[in-house]
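A closer look at the structure
Here is what each chain is made of, one letter per residue.
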Amino acid sequence: MPDWTPGKQKRVCLLLGLILLLTASFLTFDWTQYWFGVVRIADPERMYARIAKTLTSLLVAVLALSVGDDGIDEKDPIRLRRAFAAILTGDLLFLLDEIHPAFDYPAIVAFLVAHVLIIVRNGHGLRSYWHQATARSRAIDLALAAGMALVTALLFAFTLLEHLAGSPLLYVLLVYAVFLVASLWTGWMSLRIGYFPRTNAALIATGATFFFVGDYIVGFNLSLEPSLARVTTLFLTWVFYAPAITLLALSGYRWVVRRATRRRRKR
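Turning our eyes to something else, we now look at the nonpolar core. Counting 57 residues, the largest nonpolar core has Leu63, Phe84, Ile87, Phe211, Tyr241 and Ile245 as the members making the most contacts within it. Taken together, the elements giving at least two residues each to this core come down to α1 (6-36), α2 (47-65), α3 (76-96), α4 (104-122), α6 (135-164), α7 (168-193), α8 (198-223) and α9 (228-250). With 11 residues, the top contributor of residues to this core is α7. Not counting the four nearest positions on each side in its chain, Ile87 is found in contact with Phe111, Ala114, Ile118, Phe211, Tyr241, Ile245 and Leu248.

Let us now look at the pattern of salt bridges. For the structure on display, the rule yields seven salt bridges. Put simply, Lys53 and Glu45 hold a salt bridge, and the shortest N to O gap is 2.5 Å. For the pair formed by Lys53 and Glu45, the shared burial category is buried. The partner of Arg254 in a salt bridge is Asp70, with the nearest N and O atoms 3.7 Å apart. Here the residue Arg254 occupies a position in the loop between α9 and α10 (259-266), and Asp70 occupies one in the loop between α2 and α3, the gap between them amounting to 184 residues.

Let us look at α2. Structural remark: α-helix, 3.6 residues per turn; residues separated by three or four positions point the same way. Over its 19 residues, α2 runs 27 Å from end to end, which matches the ideal 27 Å to within 8%, given 1.5 Å per residue. All buried positions along α2 are accounted for by Ala49, Arg50, Ala52, Lys53, Thr54, Thr56, Ser57, Leu59, Val60, Ala61, Leu63 and Ala64. Close packing links the buried residues of α2 with α1, α3 and α9.

With respect to the secondary-structure elements, Gln33 resides in helix α1. Exposure remark for Gln33: the relative accessible area of 7% places this residue in the buried category. Among the polar contacts made by the side chain of Gln33, one reaches the main-chain carbonyl oxygen of Phe29 at a distance of 3.1 Å. Leaving out residues up to four positions away in the same chain, Gln33 has contacts with Val38, Val39, Pro44 and Arg46.

Tracing the sequence through the fold places Thr246 in helix α9. Ignoring sequence-local partners within four residues, the contact set of Thr246 consists of Leu16, Ile19 and Val60.

In this section: the packing of α2 against α9. Running from N to C, α2 and α9 cross one another at 15°; their axes reach a closest spacing of 8 Å. It follows that α2 is roughly parallel to α9 by the angle criterion. By crossing handedness, the relation of α2 to α9 is classed as left-handed. Contact with α2, carried on its side by Lys53, Thr56, Ser57, Val60, Leu63 and Ala64, involves Trp238, Tyr241, Ile245, Thr246, Ala249 and Leu250 of α9 and no other residues of that element. Here the residues of the contact of α2 with α9 are counted per class, giving eight nonpolar, three polar and one charged.

All right, on to the packing of aromatic side chains then. To describe a pair of aromatic rings, one takes the distance between the centres and the angle between the planes. What the rule picks out here adds up to 13 aromatic pairs. Measuring from ring centre to ring centre gives 4.9 Å for Tyr195 and Phe196, while their planes differ by 85°; the resulting arrangement is edge-to-face. Their ring planes at 75° and their centres at 5.6 Å tell us that Phe211 and Tyr241 sit as a pair that is edge-to-face. Here Tyr241 lies in helix α9 and Phe211 lies in helix α8, a separation of 30 residues in the sequence. Assigned by exposure class, Phe211 and Tyr241 land together as buried.

About the thresholds
- Residues numbered from 1 in each chain as written.
- Predicted model: local features only at pLDDT ≥ 70, side-chain atom pairs only at ≥ 80, totals over all residues.
- Heavy atoms only, no water.
- Core = buried A, V, L, I, M, F, W, Y, C linked by side-chain atoms within 4.5 Å.
- Buried < 20%, exposed > 50% of the residue type's maximum accessible area, 1.4 Å probe, protein only.
- Helix = DSSP H or I, 4+ residues; strand = E, 2+ residues; numbered from the N terminus.
- Contact = heavy atoms within 4.5 Å.
- Salt bridge = Lys/Arg side-chain N within 4 Å of Asp/Glu carboxyl O.
- Expected span 1.5 Å × (residues − 1).
- Polar contact = N/O pair within 3.5 Å; in protein donor to acceptor, adjacent residues only side chain to side chain.
- Axes fitted to C-alpha atoms, helices over the stretch in contact; angles between N-to-C directions.
- Parallel < 35°, antiparallel > 145°, perpendicular 65-115°, else oblique.
- Left-handed = near helix turned anticlockwise from the far one by under 90°.
- Nonpolar A, V, L, I, M, F, W, Y, C, P; charged D, E, K, R; others polar.
- Phe/Tyr/Trp six-rings, centres within 6.5 Å; stacked < 30°, edge-to-face > 60°.

Okay, structure coming up:
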């Protein structure tokens, strides 16, 4: 077990339990409607699901904000808090699109800022790593980035382009896609940079992958007219997004007992 205080362990378990309970409830609520064919195509997301999803995002943000002294160092919890402040802002703005769809645009901007902050946080130590890396390591890293960019470009070309031709949203999502790929790449690079402990880096890489898939589905959803396909993408989004932000929040915690603590316990 990590060397957290007993109170912190209980709070983390409680928050994770509530997050899991809420996520299970709104996913069941969404997909039960879908399964029985009672979905409202024009307005598929019921108020309970919207509130439960936003509350889940709030609880995950609290989980991230609670890291404090149980982070891997003094600076990482600060960087994580900044990212989650932007994530929560984006989720609240998407909640307000129930009032008016114009809120979608500032929500996208908020998530764009969130990805910039996530890139800064997850890519910490990249400059030092890059200066010390061998030519072979750099080639592997660049190939990874190129592969991710190519996959994203193909997804964009074959799914989003035809639906968004001539729309200002096309250019917004193009810019967003660049930062989304960078966020995915830095997430996986955390496994190679060495700044984060291995467990934390694995949580970051997995969370970044789920975040990428969830955000792509959001972009696809925004490009569609009201239809069963749009309902499907709407309900799928949180299947990936909820675990993405939860894993990102958990990546801020220290999961390995500090050596000094181990020596003290041996004595």
